[in-house]
Amino acid sequence: MTVIGVDDTDSRERGMCTTYLATRVAERLRAAGGEVERLLLVRLNPAVEHKTRGNAALAVHTDVDAETAFALAREELAAAAETDDPRTNPGLVVADHAPEAAPDAVADFARDAVRDLLSRKAAERRIEAAGYRHAGWKNGRGKIGALAAVGAWAAFAEWTYEHISYREPERRGTPREVDRESLFAAADDAYPLAWDTVDRGSGEAVCVPHAPGPILHGIRGDDPDAVRGVAERVESEPVERTALFVTNQGTDAHLRDASLAAVADSGAYRVDGTVATAPETRRGGHVFFRLADGDDELRCAAFEPTKRFRDRVRALRPGDRVTACGEVSSGTLKLEKFAVRDLDATERVTPDCPDCGRSMKSAGANQGYRCRDCGTTADGKVERTVERDLDVGWYEVPPEARRHVAKPLVRGGFDAPTHPER
């Protein structure tokens, strides 16, 4: 077996897509008489600043010998990669072993690439130590993701699927023609096996990208037949080709459990704490609050693109115990989801008169409260139960705002009740 890893071939402005390059490599391998066992789409650390778009690396698992596979892949990459973009720095790594047989050091590198910032030099040291064939264009930063894609099958146990349909070349750069009625109907029928296809709350067709590039739509889910079935039911412009990818999307592979004291920029975490400040809506519609654990605090934010999720965040109160998930940038955790562990359902209020029921008035500094009509007194404020707009359990951003690698609540496996967004 041979594993071909590629990364950093696309462009935000010019289009192209590394998944499309992987399908072209797969076709070349089949034309050479080989078989392709699977195409692997690996979402790397979403907090990397120099990523092109979704920070995806691709692997092709094939029975073609490594020397031939390397030559074919290098030829395709050189022809198709958007190297004119200053941010695009392609990398190619080819391993002559089965996907599950990657050395421990390479599997560890793959895990780290989803959670940390890694250097090209570190990747090249691992590549040379493993004896892999490799090539880079420009500064060769894509070797980081390419090596991670080689080791990913040995590194992770949880996988989902994405069925991608590609546009005809002459249509690229023009508005996509996708029939919304057929798309929403297919999405409803396949849910929850196929998820994040549409956003029912906003009416957004989540599976249809807005950026330039060859993708017409990508259907994600837990079942390959389900995602393929949705794609086949969508009425649209002609499709040039399709491909099924095995992927770590929707798995939370990027999150690591940590204390508030241990979080750092450019990582993604799952942290526990107590809401320390009332959520505050600032200019632009962004909502901020501080999470505390002892003397340690972390600013958390629900940014405007998370839309109705911000109402869930605004409903938090100081004293609530929560688990917060998201990437950290500039000392702020960008919320992807949170779990309410314990709600503070009480508040201290001015007492009512037991005789007439009216609210008492202050009797003066440190003198408690007095009813002016009845003369009754109280030593201080009293505790009252309040209704909350939240329940214990998990809340998430809507599908249109979800990170590729973030796990939707509808997939299950969470440690508390869930409140999924459709």
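Residues numbered from 1 in each chain as written. Predicted model: local features only at pLDDT ≥ 70, side-chain atom pairs only at ≥ 80, totals over all residues. Heavy atoms only, no water.

This paragraph deals with the pattern of salt bridges. What the rule picks out here adds up to 38 salt bridges. Arg422 is paired through a salt bridge with Asp188; the nearest N and O atoms lie 3.1 Å apart. In this pair, Arg422 is assigned in the segment after strand 23 (418-419) and Asp188 in helix 6 (residues 180-190), connecting sequence segments 234 residues apart. With relative accessibility at 36%, the residue Arg422 sits in the partly exposed group. A single network of salt bridges, built from pairs that share partners, joins Arg24, Arg28, Glu75 and Glu76. (Salt bridge = Lys/Arg side-chain N within 4 Å of Asp/Glu carboxyl O. Helix = DSSP H or I, 4+ residues; strand = E, 2+ residues; numbered from the N terminus. Buried < 20%, exposed > 50% of the residue type's maximum accessible area, 1.4 Å probe, protein only.)

Let us now look at the packing of aromatic side chains. The relative placement of two aromatic rings is captured by the distance of their centres and the angle of their planes. Evaluation of the coordinates by the stated rule reveals seven aromatic pairs. Here the aromatic rings of Phe288 and Phe303 are separated by 5.9 Å at their centres, their planes lie at 90 degrees, and the arrangement is edge-to-face. With Phe288 in strand 13 (residues 287-293) and Phe303 in the loop between strand 14 (296-302) and helix 8 (309-314), this pair connects stretches of sequence that are 15 residues apart. Accessibility expressed as a relative area gives 25% for Phe303, which makes it partly exposed. Ring geometry for Phe309 versus Phe338: centroids 5.7 Å apart, planes at 55 degrees, classification tilted. Pair noted here: Phe309 is in helix 8 and Phe338 is in strand 16 (residues 332-342), with a separation of 29 residues, a long-range link. The class of Phe309 is buried, set by a relative accessible area of 0%. Taken together, Trp153, Phe156 and Trp159 form an aromatic cluster joined through their ring pairs. (Phe/Tyr/Trp six-rings, centres within 6.5 Å; stacked < 30°, edge-to-face > 60°.)

Below, the discussion takes up empty space enclosed by the protein. Here the structure, examined in full by the defined rule, presents one cavity of 30 Å³ or more. Computed from the structure, the largest cavity encloses a volume of approximately 120 Å³. Around the largest cavity, the lining is made up of 15 residues, and of these Tyr191, Trp195, Asp196, Thr197 and Val198 lie nearest the centre. Within the residue set of the lining of the largest cavity, elements represented by two or more residues are helix 6 and strand 7 (194-195). Per-class residue counts for the lining of the largest cavity are eight nonpolar, one polar and six charged. (1 Å grid on protein atoms, 1.4 Å probe; cavity = no way out; pocket = protein on both sides within 12 Å on 5 of 7 lines; lining within 4 Å. Points joined across faces, edges and corners; volume = space filled by probe spheres on them. Nonpolar A, V, L, I, M, F, W, Y, C, P; charged D, E, K, R; others polar.)

On to the nonpolar core, then. Grouped together as the largest cluster of nonpolar side chains are 33 residues, with contacts concentrated most on Ile4, Leu29, Val60, Leu92 and Phe245. Looking at this core, the elements that each hand over two or more residues are strand 1 (2-7), helix 1 (18-31), strand 2 (36-43), strand 3 (56-62), helix 2 (66-80), strand 4 (91-95), strand 6 (160-167) and strand 9 (239-247). For this core, the element with the most residues is helix 2, which contributes seven residues. Those residues in contact with Phe245 that sit more than four places away from it in its chain are Thr19, Thr23, Leu39, Leu41, Leu58, Thr160, Tyr161, Glu162, Ile164 and Tyr166. (Core = buried A, V, L, I, M, F, W, Y, C linked by side-chain atoms within 4.5 Å. Contact = heavy atoms within 4.5 Å.)

The next point concerns the sheet that holds strand 20 (residues 377-378). Pairing in this open sheet of three strands is antiparallel, and the strands run 18-19-20 from one edge to the other. The open sheet is flanked by strand 18 (361-362) and strand 20, the only strands paired with a single partner. (Pairing = 2+ DSSP bridges.)

Below, the discussion takes up the packing of helix 3 (residues 104-115) against helix 4 (residues 120-130). It is at 10 Å that the axes of helix 3 and helix 4 come closest, and there the two elements cross at 155 degrees. Relative to helix 4, helix 3 is oriented roughly antiparallel. As helix 3 runs across helix 4, the sense of the crossing is left-handed. Packed against helix 3, whose contacting residues are Ala105, Val106 and Phe109, the element helix 4 presents Ala122, Ala123, Arg126 and Ala130 at the interface. Grouping the constituent residues of the contact of helix 3 with helix 4 by class yields six nonpolar, no polar and one charged. (Axes fitted to C-alpha atoms, helices over the stretch in contact; angles between N-to-C directions. Parallel < 35°, antiparallel > 145°, perpendicular 65-115°, else oblique. Left-handed = near helix turned anticlockwise from the far one by under 90°.)

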